[in-house]
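Given next are the chains, with one letter for each unit.
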Amino acid sequence: MGVIQILVGDITKLQVDAIVNAANNSLLGGGGVDGAIHRAAGPELLAHCRTLGGCPTGEARITPGFRLPATWVIHTVGPIWRGGHQGEPELLRSCYRQSFALAAAQGVRTIAFPSISTGAYGYPKEAAACIALGVMREHRDAFDEIIACCFSPTDAGIYTTLCPECPAPRSL
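The rules behind these values
Residues numbered from 1 in each chain as written. Predicted model: local features only at pLDDT ≥ 70, side-chain atom pairs only at ≥ 80, totals over all residues. Heavy atoms only, no water. 1 Å grid on protein atoms, 1.4 Å probe; cavity = no way out; pocket = protein on both sides within 12 Å on 5 of 7 lines; lining within 4 Å. Points joined across faces, edges and corners; volume = space filled by probe spheres on them. Helix = DSSP H or I, 4+ residues; strand = E, 2+ residues; numbered from the N terminus. Nonpolar A, V, L, I, M, F, W, Y, C, P; charged D, E, K, R; others polar. Phe/Tyr/Trp six-rings, centres within 6.5 Å; stacked < 30°, edge-to-face > 60°. Buried < 20%, exposed > 50% of the residue type's maximum accessible area, 1.4 Å probe, protein only. Pairing = 2+ DSSP bridges. Contact = heavy atoms within 4.5 Å. Axes fitted to C-alpha atoms, helices over the stretch in contact; angles between N-to-C directions. Salt bridge = Lys/Arg side-chain N within 4 Å of Asp/Glu carboxyl O.

Caption draft 1: Structural detail: the layout of surface pockets. Computed from the structure, the largest pocket encloses a volume of approximately 690 Å³. If you go around the largest pocket, you meet 28 residues; those closest to its centre are Ala22, Gly32, Val33, Ser115 and Gly119. Of all elements in the fold, only β2 (18–23), α1 (32–41), β6 (145–150) and α5 (153–162) reach the threshold of two or more residues within the lining of the largest pocket. Broken down by class, the residue content of the lining of the largest pocket amounts to 14 nonpolar, 10 polar and 4 charged.

Caption draft 2: Focus on the packing of aromatic side chains. With the rule as written, the count across this model stands at 4 aromatic pairs. The interplanar angle of 55° and the centroid separation of 4.9 Å between the aromatic rings of Phe100 and Phe113 together place this pair among those described as tilted. Highlighted residues: Phe100 in helix α3 (residues 88–105) and Phe113 in strand β5 (residues 110–113), separated in sequence by 13 residues. Comparing Phe100 with Phe113, the two get one shared label, buried. Ring geometry for Phe100 against Phe143: centres 5.2 Å apart, planes inclined by 50°, an arrangement best described as tilted. One end of the pair, Phe100, is in helix α3; the other, Phe143, is in the loop between α4 (125–139) and β6, and 43 residues separate them in sequence.

Caption draft 3: Region of interest: the sheet that holds β5. Taking strand neighbours across the sheet as the criterion, the 7 strands line up as β3-β4-β2-β5-β6-β1-β7 in an open arrangement whose pairing is mixed. Every other strand in the sheet has two partners, leaving β3 (60–64) and β7 (170–171) as the edge strands with one partner each. Across the sheet, helix α2 (residues 43–50) lies against β3 and β4 (72–77), angled at about 135° from β3, the strand it touches most. On the sheet, α4 packs against β1 (3–8), β5 and β6 and is oriented at approximately 165° with respect to β6.

Caption draft 4: Fine view of the pattern of salt bridges. According to the stated counting rule, one finds 6 salt bridges in the structure shown. Its salt-bridge partner being Glu44, residue Arg67 comes within 3.0 Å of it at the nearest N-O pair. In this pair, Arg67 sits in the loop between β3 and β4 while Glu44 sits in helix α2, placing the two residues 23 residues apart along the sequence. Using a relative accessible area of 55% as the deciding quantity, one classes Arg67 as exposed. The shortest N-O distance in the salt bridge between Arg109 and Asp144 comes to 2.9 Å. With Arg109 in the loop between α3 and β5 and Asp144 in the loop between α4 and β6, the pair connects residues that are 35 residues apart, well separated along the chain. A residue is classified by how much of its surface remains accessible, and Asp144, at 44% relative accessible area, is partly exposed.

Structure (structure tokens):
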């Protein structure tokens, strides 16, 4: 059985098989983690993403990691929070499941996720972490390590509270 790790730090620095990008529909970069991944991966990532034709909310696409230490980047588009009654939980769950499916198809054994949709898209952090951890638990047998890469110690604390079986969070 694989382990779910909680880390605090920069997802672009992780040496894992795949990192997940909380992307926008265009896949052409943006703010937050999306912008950081595009900057760290270099212009080749943007050029490759231009060939993909975007990505609908709740789906995922995979690209090489280019200049990142990760081999792959899985881009997924989370929902914008509109109160939780417009399919947001199902769409967020789909982001994680589709990301895991693409990872498994590429033989990924180690994967790191940011907290999808909790930045500019406004998804409540605790609700998003519940969904993320639920799907991570569903897939832990298929992976050696699944990482919840948190932006801050406060965010990591949410994951820790919801995942008592997880090892203590650590910083990169």
